[in-house]
Amino acid sequence: MSRVAVIGGGITGLTAAHRLVEQGYEVSLFEAADRVGGVIQTIRRDGFLAECGPNTLLETSPKISQLLKDLDLEKRRLDPNPDSDARYILRKGEPTAMASSPLGFFTGKLFTWRAKLALLREPFVRASPSNAEESLAEFVKRRLGQEFLDYAINPFVAGIYAGDPDQLSVRESFPKIWELEQKYGSLIKGQIYGAKERRRSGVISKDRAPKLSFDDGLQVLTDRLAETLGDRIRLASPVKGLDRVGENKIGVKVADEIGTFDSVLLAMPAYRLAELEFPGGERSLSELNEIIYPPVASVVLGFKKDEVAHSLAGFGTLNPEVEKVKTLGTIFSSSLFPGRAPEGCVTLTSYVGGMRSPDLAMQSSEEIVALTVEDLRAIYGIDGEPVFEQVFPYPKAIPQYGVGYGRFRDLMTHCEADHPGIFVAGHCRDGISLADSIVSGAEAAERIGGYLDQTF
Ligand SMILES: Cc1cc2nc3c(=O)[nH]c(=O)nc-3n(C[C@H](O)[C@H](O)[C@H](O)COP(=O)(O)OP(=O)(O)OC[C@H]3O[C@@H](n4cnc5c(N)ncnc54)[C@H](O)[C@@H]3O)c2cc1C
């Protein structure tokens, strides 16, 4: 039976390991930390549930639905409360509802008439040549204007990448949007004409994909994967390097031991891939160290419901940089899913730092709570003190798919070609969302299966 090593026990590595076991391989998963899950972590305390990392999983692919079914997690799945659809953008200090339909966009208060007219002009704006790599900010200003950049895209990328639209590449960070322009000449035309094609492929766009979590938070998923993998998981086992052992075998170095495998999957953050020694002694992926991962702190706070003036009806609010508040945005966690706060209380999850203000995320927990409470008081009319606090700092949170990111992807592709049997997957290669990582792990397992069938 072929032996496969999976290095990294985040959702990418866990998904891949699970699929490889199903294919009948002997799998060992090496995880540097003393727990699996990577950035996914849920804490339950005093009746509150705090998601330290991701809050929702988007069901964008049949591969995700299949995984939940295979793990028998359907009965633990939570869909969002039906009245939590509303999303807000902070404008003039007020959470202002985002439109959920074209009509709502034209009648809503979020954008001025100038921005509304810019949207009508969008189908007539010429596409940029396919070889020109633009930043997201340049792309949006060209097609939709400054106000869209300030009040839609800037807060949106703060919510997804904790990023800065001036630095992100439109082609790398939002490839589907870039493709709409290339294929249809316009985002609006692409939305209309591309709908049929998307239905055929079975892939659901992120803005339409069902959101979900579980009764005890997202860690339910990684815990269940860990349970099915059992003693194939080796915790506190940071892999230092790889070596070629004989013609088709790969040695995996952990502390003073070397294990021998037929194939290896690397499912680690870019800055760890950069440190790894490859067969021949080089650090083949050392350039990945240049990928920026800004620090982000997630701040989960509980308040008494009757001390919050805002209804908190909806998903949450994103804060544009031009509004000059300190937090990037806030999810109304207890409005979104049941069981996130005890009776009479609410849970709010805010994010601090990112590319916009990295220094804020590096402060002490007390300072981070204080600045978050100050923003929440002003925005939502909160009177009392928090009754629950949980700050979780990520010194290196989310990779920024900046202009020129393609060369990092090429490096990972060349690395696989240069080192047969070694594969790379995860958030620094295949997209930054949880959904992307699950698909990345599942597809890596398929590629490894194909390689092993051909080679042995
Ligand atoms: C604060 C925050 C909020 C987010 N919110 C959302 C959200 O709401 N929705 C969403 O879709 N996505 C969200 N994301 C993104 C998403 O959670 C991640 O992209 C995804 O979980 C990454 O999974 P991964 O397995 O690729 O990487 P990771 O989770 O980083 O796992 C990598 C693992 O590799 C291990 N490792 C590193 N080096 C070694 C080594 N040498 N040897 C062995 N093991 C090693 C690490 O310890 C880690 O466990 C969020 C991310 C963050 C940080």
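Heads up: the structure comes first, above all this text.
Residues numbered from 1 in each chain as written. Predicted model: local features only at pLDDT ≥ 70, side-chain atom pairs only at ≥ 80, totals over all residues.

### So, the site of the ligand
And then number 1: Near the ligand lie 37 residues; those nearest to it are Gly8, Gly10, Gly38, Pro54 and Gly426.
And then number 2: Counting only elements with at least two residues in the shell around the ligand, the list comes to helix 1 (11-22), strand 15 (296-304) and helix 16 (434-455).
And then number 3: Broken down by class, the residue content of the shell around the ligand amounts to 21 nonpolar, 14 polar and two charged.
And then number 4: There are two domains that each give the shell around the ligand at least three residues, and those are domain 1 (3-39 + 62-75 + 219-291 + 401-455) and domain 3 (294-394). (Near = placed C-beta within 6 Å. Helix = DSSP H or I, 4+ residues; strand = E, 2+ residues; numbered from the N terminus. Nonpolar A, V, L, I, M, F, W, Y, C, P; charged D, E, K, R; others polar. Domains from an automatic or database assignment.)

### Quick word on the sheet that holds strand 5 (residues 57-58)
Sheets are built from strands paired through backbone hydrogen bonds, the pairs being either parallel or antiparallel.
And then number 1: The sheet built from three strands is open, its strands ordered 5-9-6 with antiparallel pairing. Of all the strands in the sheet, the pair left with one neighbour each is strand 5 and strand 6 (77-78).
And then number 2: As defined by bridge partners, strand 6 adjoins strand 9 (residues 211-214) across two bridges and the pair is classed as antiparallel. Note that in strand 9 the partner of Leu78 across the bridge is Ser213. (Pairing = 2+ DSSP bridges.)

### Overview of the packing of helix 1 against helix 16
And then number 1: Direction vectors running N to C along helix 1 and helix 16 enclose 35°, while the axes themselves pass 8 Å from each other. For the pair helix 1 and helix 16, the sense of crossing is right-handed. Residue-level inspection shows Ile11, Thr12, Gly13, Thr15, Ala16, Arg19 and Leu20 of helix 1 in contact with helix 16, the latter providing Leu434, Ser437, Ile438, Ser440, Gly441, Ala442, Ala444, Ala445 and Ile448.
And then number 2: Here the residues of the contact of helix 1 with helix 16 are counted per class, giving nine nonpolar, six polar and one charged. (Axes fitted to C-alpha atoms, helices over the stretch in contact; angles between N-to-C directions. Left-handed = near helix turned anticlockwise from the far one by under 90°. Contact = placed C-beta atoms within 7 Å.)

### With respect to the pairing of strand 9
And then number 1: Pairing analysis gives two bridges linking strand 5 to strand 9, with the strands arranged antiparallel. Residue pairing across strands places Leu57 opposite Leu212, the latter belonging to strand 9.

### Quick notes on the sheet that holds strand 13 (residues 257-261)
And then number 1: With respect to topology, three strands assemble into an open sheet ordered 11-12-13, the strand pairing being antiparallel. Of all the strands in the sheet, just strand 11 (239-245) and strand 13 have a single pairing partner and so form its edges. Each strand axis lies, on average, 25° off the axis of its neighbour in the sheet, ignoring direction.
And then number 2: Here strand 11 runs beside strand 12 (residues 249-254); their pairing, made up of six bridges, is antiparallel.

### Let's talk about the packing of helix 1 against helix 10 (residues 219-229)
And then number 1: Relative to each other, helix 1 and helix 10 sit at 40°, their axes nearing to 10 Å. As for the relative orientation of helix 1 and helix 10, their crossing is left-handed in sense. Residues Ile11, Leu14, Thr15, Ala17, His18 and Val21 of helix 1 pack against Thr222, Leu225, Ala226, Thr228 and Leu229 of helix 10.
And then number 2: For the contact of helix 1 with helix 10, the per-class residue count stands at seven nonpolar, four polar and no charged.

Read these as layout, nothing more, since geometry by itself doesn't imply function.
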